Structure formats: structure tokens, C-alpha cells
Amino acid sequence: MRNLFNIVSAIAVSLIALAAESHAAAPNAVSTLEKLRAYGKITLCADRDLLPHSSSKMDPPGFDVEVAQEVAKRLELGIDYKWVAAFKGYRAIRNLYSNDCDIFMGLPNDEEFLEEARRLDVTDAYYTGGFAVLLSKDAPSFDLEDYKTKGVAVDIMTVPDFRLHERGFERKLYYGVEKVIEAMKAGEVQAGLVPALEAGWAAHTKTDLGLRVLDRTEKQYIYPMGFGLRKSEQDLKAAINDVLRNLEESGRLSELRRKYGVVELLPEDGTPPKVANQPVETKVAEAKPDTDSEKTALEADFPSDAKSLDEGRKLYKQACYKCHGPKGVSGGTRPDVRKFKGDHYDMFAVVQAGRLDYGMPAFAEYLTEDEIKQIVVYIKQLPPPEDDYKKH
Amino acid sequence: MKSRWALLASAGTAALAAGFAGQVLAADWTPVTDERLLSAEKNADDWLIYGRSYSALRHSPLDQINKSNVKNLKVKFQQALGTIEGQEVTPVVNNGIMIVAVSHERIDAIDVTTGKRLWRHDIKIPNDATQFTCCGKVTRGASLYGDKVYFATLDSRLLAIDAKDGKLAWEKTLADYKAGYTLTMAPTIVKGKVMVGFSGGEFGIVGQILALDSETGNEVWKHRTIPQPGEPGYDTWGKDSAKYGGGAAWLTASYDPETNLTFWGTGNPAPWNSDMRPGDNLYSNSIIALDADTGKQKWYFQHVPNDAWDWDSMNEALLINAKIGGKDTKAVIQAHKNGFLYTFDRASGKCLQTVAFAPYDWGNLDENCNMVVKPDKRPGVGKKAYFCPSYFGGKGWAHMAYNPDNSTVFIPMTDMCVTLHHEETTYKKGTMYLGAGGEIKEPGKGGVTAVDVSANKVKWTWKHNSPLQSSSAVSTAGGLVFIGTFEGEMLALDQDTGEKLWSHMNPSGINAGTISFSAGGKQHIAVVSGYGGAFPLWAGTGVPPHIKDNVNPGATLTVYALD
């Protein structure tokens with residue numbers, strides 16, 4: 001489920017948080033690039049553990065991170081990392097809008113996307129991404145149509161999930177490419193339509209599985225992938241575009257693509273994908289939030305059934321209680337987690353990466369993602385601090 | 001003829017020798033010899049040992065500040081220590097130089113007459129160290145021996161620091177902090193052996209006490225508090241539970257030169273869920289007497305077999321000579337989390353008497369000092385029990401003080417109850433091994449209870465609207481007890497009546513040890529404030545709202561004296 005394409009799904013993307021934050025972008029007095037140079041660094045938001053995109057362990061750093069490093073270097077900037085839980089597309093928007101970072105890699109330069117994320121812009125592509133056909137070792141055919149009744153694996157809530165449904169395909173739903181690959185290993189499924197970068201990486205690194213990724217896919221599943229940035233910072237966009245052209249010409253970009261097994265997707269009819277390069281007019285009203293779908297999406301990522309809650313409660317006691325207090329009631333020396341300003345995803349990111357310099361441990365090594373989610377769900381349903389001293 | 005310079009120089013030396021120096025030099029460090037340590041109880045000027053003397057009485061023979069003039073006590077200087085971590089330190093003072101360990105961040109040597117810093121040693125601990133400990137970056141202090149300052153770090157290293165310049169002489173890694181072995185105590189140092197006991201009872205460690213050579217850091221002996229297969233007592237741990245059995249001896253020990261015994265309290269067995277470890281779980285929740293030279297256990301007394309309440313016996317053991325039951329007795333007194341003060345015979349460990357010093361409701365002690373618990377006061381899996389005192393204890397780790405002149409002990413007291421239940425848990429490295437959940441519904445209260453040990457009776461209780469859970473008392477020959485509160489109030493109580501005679505507000509809450517010493521001919525009282533430690537982390541709604549609303553963290557050293 002960790003991929004950026006939910007954002008362009010058939011279901012309207014929720015922009016509740018964004019609508020609340022929206023304010024007119026003032027024309028920049030000082031150019032963004034000047035400001036960054038003064039600070040010396042550009043800040044990249046990336047998932048702390050989402051290869052081939054990024055990895056805070058830097059072993060390897062990930063495709064996005066290496067491209068960003070090349071770009072920063074050529075802009076004569078250092079690079080700061082802000083590790084976030086990026087497994088949902090709209091995280092990127094949030095992080096950029098709230099100035100957590102300056103760039104967020106791997107956003108589709110796509111009209112539909114940019115219409116949803118009105119205050120964002122996306123640079124030229126540093127690779128062509130989208131959804132690729134992934135085939136198991138024993139898959140008999142290269143034509144997706146041949147799997148129409150047998151079933152095609154998709155990452156739940158992504159574009160193919162909806163499009164294949166519309167086209168009358170039998171779908172098999174999984175959370176993430178990794179789960180799809182497990183299913184292929186177990187012989188549950190032979191073909192999938194999944195995020196191309198992850199698929200390429202799996203084929204590249206898990207060579208024993210004999211996975212195959214097709215570089216041809218339908219046009220509708222192909223997206224030019226660029227750097228996401230704030231729309232008001234056009235000078236930064238132009239500078240990055242220049243550097244990207246340079247990197248492409250020098251062959252450095254294709255070198256990196258090879259290193260990470262990036263599959264360059266081509267449309268089946270041979271015509272190049274449509275690119276939305278023109279800044280879209282800023283409209284006054286942002287997209288209407290679709291609360292129902294927001295709820296469904298949240299529930300899919302952070303299940304709040306009784307069992308998850310109970311697990312969360314127990315894990316909270318094991319891992320968090322000693323600093324944040326029983327049932328989240330802080331005694332005043334550590335933050336009260338119930339007052340945390342942020343959603344489930346923000347909290348997930350804090351718990352995973354920690355704030356080591358301020359005494360908040362990083363739990364990535366000690367808790368699985370599911371465990372962290374269970375804890376987040378538990379914390380998010382705790383009674384508010386105002387009720388602490390009410391008589392029971 | 002002498003030059004004016006020479007004249008000045010000699011005047012300076014004379015002043016130093018007479019102890020009226022305007023300025024102290026760290027290079028003037030007076031070696032902390034065995035002899036000085038053994039006679040610390042009589043040496044009124046210094047505070048050389050964590051508990052002031054090997055007997056851990058925390059009683060100062062100084063009487064310059066007394067009941068009639070304490071109202072004139074003033075702040076002599078204050079110094080911000082630059083951290084918001086909780087401060088549980090008892091500073092030590094050697095001939096006008098105070099050594100104060102600031103929460104695993106630094107150790108400062110301070111001239112007590114001027115507040116001037118003589119040196120600073122920065123402690124570097126890994127930034128993930130707090131993950132493996134229950135209660136933050138707390139330390140109870142550094143200890144002195146010879147020309148060195150010894151400090152035990154949270155990530156389980158022993159540092160030997162040159163007392164003259166603050167430079168690291170050597171360090172030794174003692175255990176894997178990522179397996180929960182951490183150090184928060186001020187080492188016990190006896191005859192060239194530096195002894196430390198690991199914290200980590202909430203992380204499934206096996207309690208261990210190490211004695212290390214003070215010159216090299218090499219291990220001289222090691223004592224496990226939890227028997228392993230083949231050792232006596234192993235059969236008191238059902239379901240193979242000794243493996244992560246806890247029993248941490250996490251506070252500084254006392255020492256009796258006559259019997260050559262060191263006295264340690266051991267902590268709770270792990271996990272808190274008692275069904276997971278059927279049996280008595282020896283020697284958790286016990287007082288143990290270990291030979292200082294060999295680490296051999298000479299006697300033990302287990303206060304709480306098969307603990308279901310987190311009633312550690314970690315508390316300090318005070319060595320007193322007093323009339324007990326009318327007879328002159330060399331005794332050990334220990335105040336327990338369960339709300340009772342126990343008196344033991346020092347050589348044999350026989351329990352001589354007990355008396356309650358804090359509100360309790362769980363049952364009673366029989367004539368052999370064994371707990372008889374009401375069935376509904378014992379929590380279990382799926383069985384909630386409400387009981388008092390809570391897991392913070394009628395007395396927490398904060399130390400009591402004993403005045404030999406009136407055979408009275410002054411106990412910092414917590415009055416708080418909890419509802420607790422147990423649940424299954426699995427050992428998971430890097431997280432806590434508890435298997436219990438609780439709720440403290442009513443904000444905690446507390447106070448100071450004075451017990452006449454010879455009479456085995458409570459004399460008075462000074463009551464307060466917050467627990468005195470981690471603030472240690474000092475008794476003085478001036479008839480006073482000094483102690484701080486979570487609110488930050490430094491108090492002087494009348495030893496005879498418990499009446500509050502003086503108080504002063506500190507910038508933050510006090511959860512550390514107050515000390516008394518003399519310098520420049522003047523008696524001083526000193527304390528480090530800085531709200532933190534276990535209480536705000538673990539008590540939840542047990543933290544009184546007025547503290548949550550008003551007390552900010554932030555460490556400050558305050559030194560008081562009469563004008």
C-alpha cells in the first residue's frame with residue numbers, strides 16, 4: 001500500500017487538511033534558490049525505509065535519494081533529510097505545504113494529480129514510472145488480458161485497482177508489492193499490475209525468484225515522475241529542470257536507473273505520455289473533501305478493530321508507557337501524546353524515526369510497522385487530557 | 001625584605017590552611033582515603049559518601065543552623081545546570097569542593113563558597129540509551145575515592161575521572177545496555193573496590209552486583225541476585241522464569257566495617273505478572289548482606305515473595321546502633337515500599353521488629369515479619385486489585401535520614417493507591433517486560449513520617465498534598481530535617497514536632513538528595529532541583545494537577561547558609 005499513486009486514484013482524494021491550510025502564495029521577494037544557498041542546504045522528505053525509493057540507512061540510499069544528491073550537488077547545496085512515512089501520496093503534499101521540506105521525490109507530473117494538489121508543482125521527469133506488468137517465473141503469457149478471469153494482483157486502492165475493476169478484470173488485492181511477490185512465490189497469482197519502480201527493484205534484487213517486469217504498459221498507467229515542490233518556487237523548479245537535463249545528457253541518470261533496476265515504461269501504442277508542464281491556474285476553492293473515502297483509506301492503513309486496539313494497548317505499555325505515562329497521561333516532563341499535533345501518519349513517522357537528540361527513541365528496529373500502527377491507533381482513541389481529573 | 005607579592009602569597013596560603021580561603025583550587029584536592037571514609041560519620045565538614053557515611057544515616061553533626069535561627073537561612077548562590085532532565089543526585093563535598101553529577105550529561109566540580117566551577121567533565125552517552133531504562137537520564141551521583149571521581153553511566157560504563165582536573169583517567173564497559181543493563185546509582189566504594197548494581201528490573205535483566213578494582217576497573221567479584229540453574233534458590237522460579245528474572249539491586253549499598261558486610265536491597269522480579277514465575281523468586285525483593293571482599297551472600301531476608309505489586313526491596317539499609325526492645329543492638333533498618341519499617345539484627349539478619357509508617361490496606365505482617373495479604377488485594381491475570389501503597393511504594397527510592405541522638409528516622413513518604421491487573425507478555429528486547437497495567441485514579445499525597453526506632457513508634461507525620469516520592473532527607477544536629485518537595489519547596493522541619501520552620505521555593509521540583517556540609521566556618525545546606533524521574537513518567541493521574549500545571553523542568557543547584 002506504500003506508494004504514491006493513491007493520489008491519482010478514481011476516488012476523490014481527501015484534501016481536508018490542505019483546504020484548511022490554504023492561503024494565497026505571495027510573490028517571492030527573494031528567490032528560493034537564494035534562500036536555500038544562504039541556509040546551505042535543501043531539505044528532502046523521504047520515507048526512511050522504502051527501497052528502492054529511499055532508505056535512511058544509506059546502504060544503499062535509494063534511487064530518489066541518489067538523484068536528489070546529484071541535483072543538490074550541482075546546485076551547490078548540501079542536503080538535509082526529513083524522514084517521513086510517505087506511504088501515502090498525500091503525505092507528500094502535506095509535508096511540502098507545511099514547509100517540512102523543499103522537495104519530495106517521485107511525484108507524477110500529471111494533470112490529474114496537479115489539479116488535486118493545487119499548490120504543488122512537479123519538475124520534469126527523472127524517470128518514467130507508473131504501473132508495470134509483473135509476472136511470476138511460471139506465468140504463461142505476456143498479455144494481461146489472458147489473466148482476466150484468473151485474476152491480476154494489484155496494490156489495493158491504486159489506479160489499477162479501480163481501472164481493472166472497471167474493465168471487468170478479476171482482481172486480487174494486496175497491501176504493497178512485497179505482498180504481491182510473496183503471493184507469487186506461494187503460487188497464488190501469476191500476474192500483477194503494480195508500481196513499476198518497486199517491481200523493477202524486486203526483479204533486480206530477488207533474482208532467484210525469476211520475476212519478470214514488462215516495459216510496455218497501457219498509456220493510462222504511465223506517469224513521468226519528477227520532484228514535487230511548492231508551486232510558488234518556480235525558480236527552484238527551473239533550476240532543477242536544468243540540472244536534470246544535464247544529468248540525463250551526461251548519462252548519470254541512466255546509470256542510477258540501472259543501479260536500481262528502474263524499468264523505463266513505454267506505452268503500448270508507441271506515443272509518448274502526456275505531460276502536464278504548464279502551471280495550472282490557482283482556483284479559489286480547493287477540491288471538496290471526501291470524508292468517506294478518507295475514512296476508508298485510514299482504516300485500511302490503520303485498522304482499528306478490537307484486536308488491533310488491544311495489541312496497541314499492550315505494546316504501548318511495553319514501549320511507550322515508561323515515558324509517556326499510563327494511558328497517555330503525561331506527568332509533565334515528556335509530551336502528552338494525546339496532544340500530538342498531527343494525524344496517524346505523522347505519528348507513525350515520529351515513532352519510527354524517533355527524535356533521538358531529544359530523548360524520543362527510534363522504534364524502527366524494535367517494532368514492526370504493523371505494531372507501530374496498532375500503537376498509533378490506540379493512542380488516537382485515548383480520552384482527551386481534559387478528562388484526566390474528572391471524578392470517575 | 002619581603003616583597004609585597006611574597007607577603008600576599010603567604011597570606012593566601014595561611015588563609016587556605018585555616019579553611020577560610022576566598023578561593024579553592026581543584027589542584028588542592030584532598031585525597032579521599034579509606035581512613036576518611038571510615039570516619040565520615042564523625043567528620044562534620046564533608047559529605048564524602050552518597051549516604052554521608054558508610055552507615056548511610058544522612059545525619060549531619062552540624063548544628064550551626066538550628067531551630068531558632070533557621071528562619072534566617074538564605075540562598076548563598078544558585079547555579080543553573082543546563083538541562084531539563086530530572087535530577088536525582090546527592091552531591092558529594094570534599095574539603096570545599098562539590099562534585100555534582102548532572103543527569104548523565106556532565107559532572108561539575110564547584111567551589112562551594114563562591115559557586116565557581118573548577119572543572120567540568122562532559123559525559124557522552126549514546127542517544128538511544130534512554131530507550132533501555134525506565135525513568136529517563138537519571139543518576140544519583142558520583143562517588144569519591146583517592147584522587148578520583150567514579151561515575152556509573154546509563155549505558156553501563158564505569159568512568160574514573162581525575163578529581164584534580166576532571167579528565168577521564170579510564171573507563172570500562174560493564175554490560176550491554178541494549179539488553180536493559182543500565183546504571184543509575186552512585187557506586188559504593190570500599191577498600192579499593194568500586195561496587196555497582198545494575199538497574200533494569202523492568203527490562204528483564206538478571207540482577208547483578210559487580211566489584212571492580214578502583215585502579216584498573218577489573219572485576220574482583222560478581223554477585224547475581226537471581227540464582228541460575230544448579231544454584232540454591234533456582235527452584236523458586238517456576239516456568240524457567242529466572243532467565244529474565246529481574247531482582248535489580250539498583251541503589252547504593254551501605255557498609256559495616258565490623259562484619260565487613262555490604263547491604264543491598266534487591267528489586268522486583270520480572271515480569272510484574274506473577275503467574276509467569278510461580279514460586280518465591282529468591283532473592284528478588286530482599287535485603288541481602290554480601291561480604292565486601294568476596295561478594296558471598298551471608299544472609300538475606302525476602303520481604304515480598306512472588307511479588308505481584310512491584311514492591312521492590314531496593315531501599316537503602318541504614319546501619320544503626322540503638323536500643324531495640326530495650327537492648328543495645330547493632331541493627332539494620334529499612335523502610336519498605338509496602339509501608340513498613342523493618343529492623344534486623346546486623347550480623348544474623350534476624351527480623352526484630354516492624355512498624356507501619358505509611359497508609360496501607362493490603363493486610364499485615366505476622367510476628368515473623370512475613371506478609372499476610374488479603375486475597376482481594378493481590379492482582380492477577382484478569383483480576384484487578386486496588387491496593388495501597390501503589391507500586392511507587394509507601395517509601396520510594398528517596399532516602400530517609402536517622403538521627404542517632406534521638407534514635408529517630410525521618411522517612412519521605414508517599415500516600416497513593418493503584419488499581420493493577422496482570423496480563424500475559426513476552427520478552428521483547430528494547431521494550432519493557434511488565435505484563436501488568438494499572439491506573440492511579442486519585443492524585444498522590446505524601447509527607448514525612450518520623451519513627452522512633454527504639455520505641456518502634458511513629459512520632460509524627462508532616463502531611464503534604466503531593467508525594468515525597470524521590471526527595472531524600474537530611475537530619476542535622478541542629479534538630480532539623482531538611483527535605484524538598486515536587487513543588488520545589490525546600491523545607492526545614494522540627495525534628496521533635498514535624499512543624500515546618502522554614503521554606504524556600506526552588507525554580508523547579510525537588511527529587512534529589514539534600515546535603516549539609518561546612519565550608520569557611522559555615523554550615524551549608526545544598527540541593528539540586530529539577531523535576532523528573534519516575535514519578536511524572538509513571539504516575540499518570542497520580543500526579544497532582546497543581547504540579548502538572550505549575551512545575552517546569554530545569555536543573556538548578558541551590559546552596560543555602562546563614563548570613
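This one's a predicted model, so the numbers in the text were calculated from it and none came from an experiment.

Bringing the domain arrangement of chain A into the picture now. The assigned domain composition of chain A is domain 1 (33-128 + 223-267), domain 2 (130-220) and domain 3 (292-380). Computed over C-alpha atoms only, the centres of domain 2 of chain A and domain 3 of chain A are separated by 32 Å.

This paragraph deals with the confidence of the model for chain A. Residue and element names in this part refer to chain A. Confidence in the prediction of chain A, expressed as mean pLDDT, is 81, and 84% of residues score 70 or more. Mean pLDDT across the elements of chain A bottoms out in helix α1 (residues 16-21) (35) and peaks in helix α15 (residues 369-380) (95). Within the model, pLDDT remains below 50 along residues 273-289, and this stretch shows 28 contacts once partners closer than five positions in the same chain are excluded.

Quick look at helix α12 (residues 306-319) of chain A now. In an α-helix there are 3.6 residues to a turn, and that puts residues three or four apart on one side. Spanning 14 residues, α12 of chain A covers 20 Å between terminal C-alpha atoms, matching the ideal 20 Å at 1.5 Å per step. Of the positions making up α12 of chain A, those classed as buried are S308, G312, L315, Y316, K317, Q318 and A319 of chain A.

With that out of the way, let us pick up the side chain of T225 of chain B. All names here are of chain B. Within the element layout of this structure, T225 appears in the loop between β14 (219-224) and β15 (254-256). On the basis of relative accessible area, T225 is assigned to the buried category, the value being 1%. Among the polar contacts made by the side chain of T225, one reaches the main-chain carbonyl oxygen of G247 at a distance of 2.7 Å. Setting aside residues no more than four positions away along its own chain, T225 makes contact with G207, I209, G246, G247, A249, T266, L282, Y283 and I288.

Further remarks concern the interface of chain A and chain B. Chain A puts 32 residues into the contact, and the matching count from chain B is 41 residues. Of the roughly 3,000 Å² buried between chain A and chain B, counting both surfaces, carbon and sulfur atoms make up 51%. Seen at the junction of chain A and chain B, the total is 6 salt bridges. With a shortest N-O distance of 2.8 Å, K317 of chain A and E423 of chain B are connected by a salt bridge. Summed over the shared surface of chain A and chain B, the result is 19 residue pairs in polar contact (both at pLDDT 80 or more). In terms of residues, the side of chain A that touches chain B owes the most to one element, α12 of chain A, which gives 6 residues. Partitioning the side of chain A that touches chain B into residue classes produces 13 nonpolar, 9 polar and 10 charged.

Residues and elements named next belong to chain B. Taken as a whole and assessed by the stated rule, the structure comprises 48 salt bridges over all chains. Across the pair E489 and K500 runs a salt bridge whose closest N-O atoms are separated by 2.9 Å. Placement of the pair is E489 in strand β34 (residues 489-494) and K500 in strand β35 (residues 500-505), with a sequence separation of 11 residues. We classify E489 as buried; its relative accessible area is 14%.

Moving on to the sheet that holds strand β22 (residues 351-356) of chain B. Residue and element names in this part refer to chain B. Taking strand neighbours across the sheet as the criterion, the 4 strands line up as β19-β20-β21-β22 in an open arrangement whose pairing is antiparallel. Looking at which strands have only one partner, the edges of the open sheet turn out to be β19 (318-324) and β22. The mean inter-strand angle of the sheet, taken between neighbouring strand axes irrespective of direction, is 35°. Pairing geometry for β19 and strand β20 (residues 327-335), over 7 bridges, is antiparallel. Note that in β20 the partner of L319 across the bridge is V332.

Residues and elements named next belong to chain A. Two numbers describe how helix α2 (residues 32-39) lies on helix α9 (residues 234-250): the axes approach to 7 Å, and their chain directions differ by 80°. As far as their axial angle goes, α9 and α2 are roughly perpendicular. Along its contact with α2, which presents T32, L33 and L36, the element α9 presents D235, L236 and A239. Among the residues forming the contact of α2 with α9, the class breakdown is 4 nonpolar, 1 polar and 1 charged.

As a further point, take the confidence of the model for chain B. In this model, chain B carries a mean pLDDT of 93, and residues with pLDDT of at least 70 account for 96%. Throughout residues 1-22 of chain B the model reports pLDDT below 50, and contacts reaching past four residues in sequence, or to other chains, amount to 13 contacts.

All names here are of chain B. With respect to topology, 4 strands assemble into an open sheet ordered β2-β38-β37-β36, the strand pairing being antiparallel. Strands with a single pairing partner mark the edges of an open sheet, and in this sheet they are β2 (74-80) and β36 (515-519). Adjacent strand axes in the sheet meet at a mean angle of 25°, parallel and antiparallel pairs treated alike. Here strand β37 (residues 522-529) runs beside strand β38 (residues 556-561); their pairing, made up of 6 bridges, is antiparallel. Counterpart to V527 in the pairing with β38 is T558.

A separate point is the pairing of strand β10 (residues 191-195) of chain A. Residue and element names in this part refer to chain A. Of all the 5 residues making up β10, 5 are buried; the element is thus mostly covered by neighbouring parts of the structure. Relative to β10, strand β7 (residues 127-135) is paired through 5 bridges, and the arrangement is antiparallel. Note that in β10 the partner of L134 across the bridge is G192. Bridge count for strand β8 (residues 152-155) against β10 is 2 bridges, and the pairing is parallel. What sits directly across from A153, in β10, is G192.

Here the structure, examined in full by the defined rule, presents 41 aromatic pairs over all chains. Geometrically, the ring pair formed by F263 of chain B and W299 of chain B is tilted, given 5.9 Å between the ring centres and 50° between the ring planes. Of this pair, F263 of chain B sits in strand β16 (residues 261-265) while W299 of chain B sits in strand β18 (residues 297-302), placing them 36 residues apart in sequence. One exposure class covers both F263 of chain B and W299 of chain B, and it is buried. Arranged with centres 6.3 Å apart and planes meeting at 70°, the rings of F482 of chain B and W502 of chain B form a pair that is edge-to-face. With F482 of chain B in strand β33 (residues 480-484) and W502 of chain B in strand β35, the pair connects residues that are 20 residues apart, well separated along the chain. Residues F482 of chain B and W502 of chain B agree in their burial class; the two are buried. An aromatic cluster is present here, built from Y321 of chain A together with W272, Y391, F392, F486, Y531, F535 and W538 of chain B joined pairwise through their rings.

Right, let's talk about the state of the cysteines for a bit. By the definition in use, this model includes 4 disulfides over all chains. The disulfide partner of C45 of chain A is C101 of chain A, and the gap between their sulfur atoms is 2.2 Å. Taking the sign of the torsion about the S-S bond as the criterion, the disulfide between C45 of chain A and C101 of chain A, at about -105°, is left-handed. Of this pair, C45 of chain A sits in strand β1 (residues 41-47) while C101 of chain A sits in the loop between α4 (89-97) and β5 (103-108); the two residues are 56 residues apart in sequence, bridging distant segments of the chain. Each member of the pair, C45 of chain A as well as C101 of chain A, is classed as buried. Put simply, C351 of chain B and C369 of chain B are joined by a disulfide, and their sulfur atoms are 2.0 Å apart. Where C351 of chain B bonds to C369 of chain B through sulfur, the torsion about that S-S bond is close to -90°, and the disulfide is left-handed. Of this pair, C351 of chain B sits in strand β22 while C369 of chain B is found in the loop between β23 (363-365) and β24 (371-373), placing the two residues 18 residues apart along the sequence.

All names here are of chain B. Within the element layout of this structure, A186 appears in the loop between β10 (168-173) and β11 (188-190). The buried category is assigned to A186, whose relative accessible area is 0%. Expressed as a C-alpha distance, the spacing of A186 and G200, which sit 14 residues apart in the sequence, is 16 Å. In this structure A186 touches Y50, R140, G141, A142, S143 and T252, once residues within four positions along its chain are discounted.

Glancing now at α15 of chain A. Residues and elements named next belong to chain A. Spanning 12 residues, α15 covers 16 Å between terminal C-alpha atoms, matching the ideal 16 Å at 1.5 Å per step. Where burial is concerned, most of α15 is hidden: 9 out of the 12 residues are buried. Residues of α15 that are buried include every one of E371, I372, K373, Q374, I375, V376, V377, Y378 and I379, and no others.

Take unusual backbone geometry next. For the bond from L51 of chain A to P52 of chain A, the omega torsion is 10°, close enough to zero to count as cis. Tracing the chain through its elements places P52 of chain A in the loop between β2 (49-50) and β3 (54-55). Cis geometry is adopted by the peptide bond preceding P271 of chain B, which originates at A270 of chain B and carries an omega value of -10°. Within the fold, P271 of chain B resides in the loop between β16 and β17 (286-291).

Next up on the list: the packing of helix α3 (residues 63-74) of chain A against α9 of chain A. Packed helix pairs are specified by the crossing angle of their axes together with the interaxial distance, meaning the distance between the axes. Residues and elements named next belong to chain A. Between α3 and α9, the least distance of the axes is 10 Å, while the angle of their chain directions is 110°. One finds that α3 runs roughly perpendicular with respect to α9. As for the relative orientation of α3 and α9, their crossing is right-handed in sense. In this structure, α3 contributes V67, E70, V71 and R74 to the contact, and α9 contributes I240, V243, L244 and L247. Residue composition of the contact of α3 with α9, grouped by class: 6 nonpolar, no polar and 2 charged.

Thresholds applied
Residues numbered from 1 in each chain as written. Chains lettered and ligands numbered in written order. Predicted model: local features only at pLDDT ≥ 70, side-chain atom pairs only at ≥ 80, totals over all residues. Heavy atoms only, no water. Domains from an automatic or database assignment. pLDDT = per-residue confidence, 0-100. Helix = DSSP H or I, 4+ residues; strand = E, 2+ residues; numbered from the N terminus. Contact = heavy atoms within 4.5 Å. Expected span 1.5 Å × (residues − 1). Buried < 20%, exposed > 50% of the residue type's maximum accessible area, 1.4 Å probe, protein only. Polar contact = N/O pair within 3.5 Å; in protein donor to acceptor, adjacent residues only side chain to side chain. Buried area = accessible area lost by both parts, 1.4 Å probe. Salt bridge = Lys/Arg side-chain N within 4 Å of Asp/Glu carboxyl O. Nonpolar A, V, L, I, M, F, W, Y, C, P; charged D, E, K, R; others polar. Pairing = 2+ DSSP bridges. Axes fitted to C-alpha atoms, helices over the stretch in contact; angles between N-to-C directions. Parallel < 35°, antiparallel > 145°, perpendicular 65-115°, else oblique. Phe/Tyr/Trp six-rings, centres within 6.5 Å; stacked < 30°, edge-to-face > 60°. Disulfide = S-S within 2.5 Å. Left-handed = near helix turned anticlockwise from the far one by under 90°.

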